Amino acid sequence: MAITDDVLVIGGGLAGATAALAAAEHGHRVRLLTYKQSTLRHASGLIDVLGYTLGGDGPLSNPFTALEDLPERHPYSLVGREAVRDALHFFDAVVGDTYAGAHTNVNALVPTSSGSIKPTARYPAAVAPGLASDPRDCLLVGFATLPDFCAPLAADHLLDTGVPFDVRGVTLSFPGIRRDDAKVTRYAHILDRDEGVDIGRGTTSARAALAALVREHLEDEARVGFPPILGDDNHSVVRRDLEERLGVDVFEVPSGPPSLPGMRLEDRLYEALEAAGVRVTTGVPVVGYEATDGRIEHVLVDRKGQDVPYQAGEYVLATGGLVGKGVRSDRDRVYEPIFDCHVDHAPDRYDWFDGDAFGDHPFASFGVTVDDDLRPLTADGGLEFENVRAAGGVLSGYDFAAEKSGSGVSLATGFVAGDRAGAEVSR
Ligand SMILES: Cc1cc2nc3c(=O)[nH]c(=O)nc-3n(C[C@H](O)[C@H](O)[C@H](O)COP(=O)(O)OP(=O)(O)OC[C@H]3O[C@@H](n4cnc5c(N)ncnc54)[C@H](O)[C@@H]3O)c2cc1C
């Protein structure tokens, strides 16, 4: 007997979680099936809608105006500009005051750990006091045991970009950690629990010790930026506590993987899924399917070596791109491994890349081609299956890294795919 739901979402990243939440709004039984960790654990937690045009122009001030000029097969063109706005409103309601940026159409300019400036549409509240448009002087604090964020170098690079404020960087010893290879979650938990740390002349609480260290270096700056390690479960308490102790605004500078802001967003999304009554099954891969007359009857899930059928009326494929393993390649072909949906690519693998390392690489936009209802299309333009929609990184037609559009596309297409799957079940 198959496990039966109304809507089955495959993939538990930003696209899949959004699709499941949007489908659940229709009041149906929704299940989300997911296998390994999503890219949220590596991504910055920023929601980029569109930072650069396909031609590389930017940073774009208003991403919504630029959406009009995208090619017809771009995922944003398929769902339309209003759907992108609706998806962002939906996101704003899910994340509440943990995110900022909803007050304007204009991209915010966020300093990153390399000292570059990134255009983004929504950003964690902890990032907000660090915006590059803010004229207040700034101190960046890095830690010797966290070499990925070199605060003095980031400060120099920021100054080179012409930011309207003065910025300095210092490297300190994080109280309680001496090992280079400590996980970022270890830093966060020390601050979450305000653990006692040895400061050489006795033990004191971690937040007090950190604030005392930073205070020694603070001059007239009105804000202090840290790598994104300021707590996990008690993140807002940690940040507020440091602000009170230092008497200045405290912010986090988004940085590379692993990413606590991404993990915090993932936690928020999964809390919302639970509250919406979505049934979540994790750690199991979908490995195949049965179809009749162009409709999926059920998918097969590998549970400890056994193929277990999961059935639904409508399916959303949100398995990610080449990183999430929703799109795969071998020497001869690029393919979508669950439904074997068509993935357009040149027959010769040497044509998948551009000779220039920073060139326009075809592989960057490999994925499933869909119609304007987000249903995957065959090579000759027919429907693969009537009751499957695709969302997020598995889609073709956009290059998230070049455009700075990754989370925005996952959010917009996840929202539309889930909403339409839910509406279809209601018919
Ligand atoms: C290092 C890095 C940094 C990034 N930084 C940013 C940024 O700053 N701003 C931004 O907007 N975007 C950023 N992105 C891009 C953005 O994170 C992604 O575009 C987006 O999160 C993709 O979401 P998704 O849900 O489509 O796919 P994914 O997050 O890849 O999720 C796919 C999920 O499907 C699951 N899955 C795959 N196959 C199966 C199967 N057979 N059965 C069951 N489950 C399966 C996977 O295990 C995974 O959990 C970054 C990406 C990376 C890799």
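Summary of the structure given here.

About the cut-offs
- Residues numbered from 1 in each chain as written.
- Predicted model: local features only at pLDDT ≥ 70, side-chain atom pairs only at ≥ 80, totals over all residues.
- Heavy atoms only, no water.
- Buried < 20%, exposed > 50% of the residue type's maximum accessible area, 1.4 Å probe, protein only.
- Helix = DSSP H or I, 4+ residues; strand = E, 2+ residues; numbered from the N terminus.
- Pairing = 2+ DSSP bridges.
- Near = heavy atom within 4 Å.
- Polar contact = N/O pair within 3.5 Å; in protein donor to acceptor, adjacent residues only side chain to side chain.
- Areas by Shrake-Rupley, 256 points an atom, 1.4 Å probe, with all protein chains shown as cover.
- Axes fitted to C-alpha atoms, helices over the stretch in contact; angles between N-to-C directions.
- Parallel < 35°, antiparallel > 145°, perpendicular 65-115°, else oblique.
- Left-handed = near helix turned anticlockwise from the far one by under 90°.
- Contact = heavy atoms within 4.5 Å.
- Salt bridge = Lys/Arg side-chain N within 4 Å of Asp/Glu carboxyl O.
- Phe/Tyr/Trp six-rings, centres within 6.5 Å; stacked < 30°, edge-to-face > 60°.
- Lys NZ or Arg CZ within 6 Å of the ring centre and 35° of its normal.

## Points about the pairing of strand 3 (residues 30–34)
Right, so step 1: Burial runs high along strand 3: five of the five residues are buried.
Right, so step 2: In the sheet, strand 2 (residues 7–10) pairs with strand 3 via four bridges, with the strands oriented parallel. Across the sheet, residue Val9 finds its bridge partner in strand 3, namely Leu32.
Right, so step 3: Bridge count for strand 3 against strand 14 (residues 279–282) is four bridges, and the pairing is parallel.

## Remarks on the site of the ligand
Right, so step 1: Taken together, 32 residues lie around the ligand, and Thr39, Ser44, Asp48, Lys118 and Gly393 are the ones closest in.
Right, so step 2: Between the ligand and the protein, one listed contact pairs an oxygen atom with a side-chain N or O atom of Ser44 at 2.5 Å.
Right, so step 3: The protein chains hide 89% of the 1000 Å² of surface that the ligand would expose on its own.
Right, so step 4: Among the secondary structure elements, those contributing two or more residues to the shell around the ligand are helix 1 (14–24) and helix 11 (406–426).

## Comments concerning the packing of helix 1 against helix 9 (residues 260–275)
Right, so step 1: Between helix 1 and helix 9, the least distance of the axes is 10 Å, while the angle of their chain directions is 25 degrees. Viewed along their axes, helix 1 and helix 9 adopt a mutual orientation that is roughly parallel. Considering how the two elements wind past one another, helix 1 and helix 9 form a crossing that is left-handed. Mapping the contact onto sequence places Leu14, Ala17, Ala20 and Leu21 in helix 1 and Leu269, Ala272 and Leu273 in helix 9.

## Some thoughts on the sheet that holds strand 12 (residues 223–226)
Right, so step 1: In spatial order, the strands read 9-8-12-13; together these four strands make up an open sheet with parallel pairing. Looking along the sheet, the strands with just one partner apiece sit at the ends: strand 9 (167–172) and strand 13 (249–252). Strand-to-strand twist of the sheet, defined as the mean angle between neighbouring strand axes without regard to direction, takes the value 25 degrees.
Right, so step 2: As judged from the six bridges shared by strand 8 (residues 138–143) and strand 9, these two strands associate in the parallel manner. Paired with Val141 across the two strands is Val170, which belongs to strand 9.
Right, so step 3: Against the sheet, helix 5 (residues 151–160) touches strand 8 and strand 9, its axis set at about 170 degrees to strand 9.
Right, so step 4: Contacts from helix 7 (residues 206–217) reach strand 8, strand 9 and strand 12, with the element oriented near 135 degrees to strand 9.

## Here's the deal with the environment of Ser259
Right, so step 1: By the secondary structure assignment, Ser259 is in the loop between strand 13 and helix 9.
Right, so step 2: Apart from the residues within four sequence positions on either side, Ser259 is in contact with Leu40, Arg41, His42, Ala43, Ser44 and Gly45.

## Re the environment of Leu139
Right, so step 1: Relative to the elements of secondary structure, Leu139 occurs in strand 8.
Right, so step 2: Residue classification places Leu139 among the buried positions, given a relative accessible area of 0%.
Right, so step 3: Between the C-alpha atoms of Leu139 and Val170, which are 31 residues apart in sequence, the distance is 7.7 Å.
Right, so step 4: Ignoring sequence-local partners within four residues, the contact set of Leu139 consists of Arg168, Val170, Val214, His217, Leu218, Glu221, Arg223, Val224 and Gly225.

## Some points on the sheet that holds strand 21 (residues 388–390)
Hydrogen bonds between backbone atoms are what pair the strands of a sheet, whose relative direction is either parallel or antiparallel.
Right, so step 1: A sheet is described by the order of its strands in space; here five strands give the open sequence 14-3-2-18-21, paired in parallel fashion. The open sheet has two edge strands, strand 14 and strand 21, and neither has a second partner. Adjacent strand axes in the sheet meet at a mean angle of 20 degrees, parallel and antiparallel pairs treated alike.
Right, so step 2: Docked against the sheet, helix 1 engages strand 2, strand 3 and strand 18 (314–317), running at close to 170 degrees with respect to strand 3.

## So, the pattern of salt bridges
Right, so step 1: Taken as a whole, this structure holds 31 salt bridges when the rule is applied.
Right, so step 2: A salt bridge links Arg389 to Glu424; the nearest nitrogen and oxygen atoms lie 3.9 Å apart. With Arg389 in strand 21 and Glu424 in helix 11, the pair connects residues that are 35 residues apart, well separated along the chain.
Right, so step 3: You can call Arg389 buried: its relative accessible area is 2%.
Right, so step 4: Residues participating in the shared-partner salt-bridge network are Arg295, Glu314, Asp371, Asp373, Arg375, Glu386, Arg389, Arg420, Glu424 and Arg427.

## Points about the packing of aromatic side chains
Right, so step 1: Counting across every chain of the model gives eight aromatic pairs.
Right, so step 2: Between Phe174 and Tyr187, the ring centres sit 4.9 Å apart and the planes meet at 70 degrees, which makes this aromatic pair edge-to-face. Residue Phe174 is located in the loop between strand 9 and helix 6 (184–192), and its partner Tyr187 is located in helix 6; the two are separated by 13 residues in the primary sequence. As far as burial versus exposure is concerned, Phe174 and Tyr187 are alike and both buried.
Right, so step 3: Measuring from centroid to centroid gives 5.3 Å for Tyr289 and Phe385, while their planes differ by 70 degrees, and the two rings are edge-to-face. With Tyr289 in strand 15 (residues 286–292) and Phe385 in the loop between strand 20 (334–335) and strand 21, this residue pair connects regions lying 96 residues apart in the sequence.
Right, so step 4: We classify Phe385 as buried; its relative accessible area is 7%.
Right, so step 5: Taken together, Phe143, Phe174, Tyr187 and Phe226 form an aromatic cluster joined through their ring pairs.
Right, so step 6: A cation over an aromatic ring shows up here: Arg223 above the ring of Phe165, its NZ or CZ 4.5 Å from the ring centre.
Right, so step 7: Over the ring of Tyr335 we find Arg333; its NZ or CZ atom is 4.2 Å from the centre of that ring.

## Some words on unusual backbone geometry
Right, so step 1: That bond from Gly58 to Pro59 is cis: its omega, 0 degrees, falls within 30 degrees of zero.
Right, so step 2: When you line up the elements, Pro59 lands in the loop between strand 3 and helix 2 (63–67).
Right, so step 3: Between Pro257 and Pro258 the backbone carries a cis peptide bond, its omega angle lying at -10 degrees.
Right, so step 4: When you line up the elements, Pro258 lands in the loop between strand 13 and helix 9.
Right, so step 5: With a phi close to 50 degrees, Asp340 is a non-glycine residue in the positive phi region.

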